[in-house]
Amino acid sequence: MTQDVFLFFHKSPQSLPLYERLEEKILSEIENVTVKVQKTQISFSNKRNFAFASLLPVRKAKERPEAYLTVTFGLSYPVDSPRVDAATEAYPNRWTHHVMVGALEELDEELMRWVKAAAEFSAGKR
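The shown structure was predicted, so the numbers you read here are calculated from the model rather than taken from an experiment.

Colleague: How should the sheet that holds strand β2 (residues 41-45) be read in this particular structure?
Modeller: Note on sheets: strands pair through backbone hydrogen bonds, and any given pair is parallel or antiparallel. The strand order across the open sheet built from six strands is β1-β2-β3-β4-β6-β5, with neighbouring strands paired in antiparallel fashion. The sheet terminates laterally at β1 (34-37) and β5 (86-91), the two strands that pair on one side only. Each neighbouring strand pair of the sheet contributes to a mean axis angle of 20 degrees, computed without reference to strand direction. Inspection of the sheet shows β1 paired to β2 by four bridges, in the antiparallel sense. What sits directly across from V37, in β2, is I42. Against the sheet, helix α2 (residues 16-29) contacts β1, β2, β3 (49-54), β4 (69-75) and β6 (94-101), and its axis sits at roughly 10 degrees relative to β2.

Colleague: Help me out: how do you make sense of the packing of aromatic side chains in this one?
Modeller: The geometry of an aromatic ring pair comes down to the distance between the two centres and the angle between the two planes. Following the criterion strictly, the structure yields four aromatic pairs and no others. Residues F9 and Y19 carry aromatic rings whose centres are separated by 5.5 Å and whose planes lie at 40 degrees to one another, so their mutual orientation is tilted. Residue F9 is located in the loop between α1 (3-8) and α2, and its partner Y19 is located in helix α2; the two are separated by 10 residues in the primary sequence. Taken as a pair, F9 and Y19 share a single burial class, namely buried. Pairing Y19 with F44 gives two aromatic rings, centres 6.2 Å apart and planes at 25 degrees, and the pair type is stacked. Here F44 lies in strand β2 and Y19 lies in helix α2, a separation of 25 residues in the sequence. The exposure class assigned to F44 is buried, which follows from its relative accessible area of 0%. A connected cluster of aromatic rings, assembled from ring pairs, spans F8, F9, Y19 and F44. Its guanidinium or amino end placed over the ring of Y91, R94 lies 5.9 Å from that ring's centre, counting from NZ or CZ.

Colleague: So what exactly am I meant to see when it comes to the pattern of salt bridges here?
Modeller: Side chains bearing opposite charge may pair, as long as their charged atoms lie close to each other. Tallying each qualifying case throughout the model produces five salt bridges. The partner of R59 in a salt bridge is D85, with the nearest N and O atoms 2.7 Å apart. Residue R59 is located in the loop between β3 and β4, and its partner D85 is located in the loop between β4 and β5; the two are separated by 26 residues in the primary sequence. For D108, the salt bridge goes to R83, with nearest N and O atoms at 2.9 Å. On the criterion of sequence distance, the pair formed by D108 in the loop between β6 and α3 (109-124) and R83 in the loop between β4 and β5 is long-range, its members being 25 residues apart. One network of salt bridges, in which partners are shared, links K25, E29 and K116.

Calculation rules
- Residues numbered from 1 in each chain as written.
- Predicted model: local features only at pLDDT ≥ 70, side-chain atom pairs only at ≥ 80, totals over all residues.
- Heavy atoms only, no water.
- Pairing = 2+ DSSP bridges.
- Helix = DSSP H or I, 4+ residues; strand = E, 2+ residues; numbered from the N terminus.
- Axes fitted to C-alpha atoms, helices over the stretch in contact; angles between N-to-C directions.
- Contact = heavy atoms within 4.5 Å.
- Phe/Tyr/Trp six-rings, centres within 6.5 Å; stacked < 30°, edge-to-face > 60°.
- Buried < 20%, exposed > 50% of the residue type's maximum accessible area, 1.4 Å probe, protein only.
- Lys NZ or Arg CZ within 6 Å of the ring centre and 35° of its normal.
- Salt bridge = Lys/Arg side-chain N within 4 Å of Asp/Glu carboxyl O.

Here's what the structure looks like:
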């Protein structure tokens, strides 16, 4: 864990374990990933960015868990799942999805399938 990551979560330290698990899973399940900490998000990239971790409040305050992490990923198609808090077609055939995670158990096979598909989609772009 880098100092930049700790600083990113300084206002929301209860969300750090969610991020740590997400990063661990991405780095162990997807090859050649680079992690970059930015002001509002942490990006995961291969050739291009394919997933992001942030504290983006994609739900109303009363519907958010106390500790949460928003996982964002891009695919060529919309994911139809109640777990997806928001999906928008930013460009033709480029869908951005936001999933709010409030427990370690939510960083599961289903979410990782979407993140892996996003990595493949990203790597295949020209």
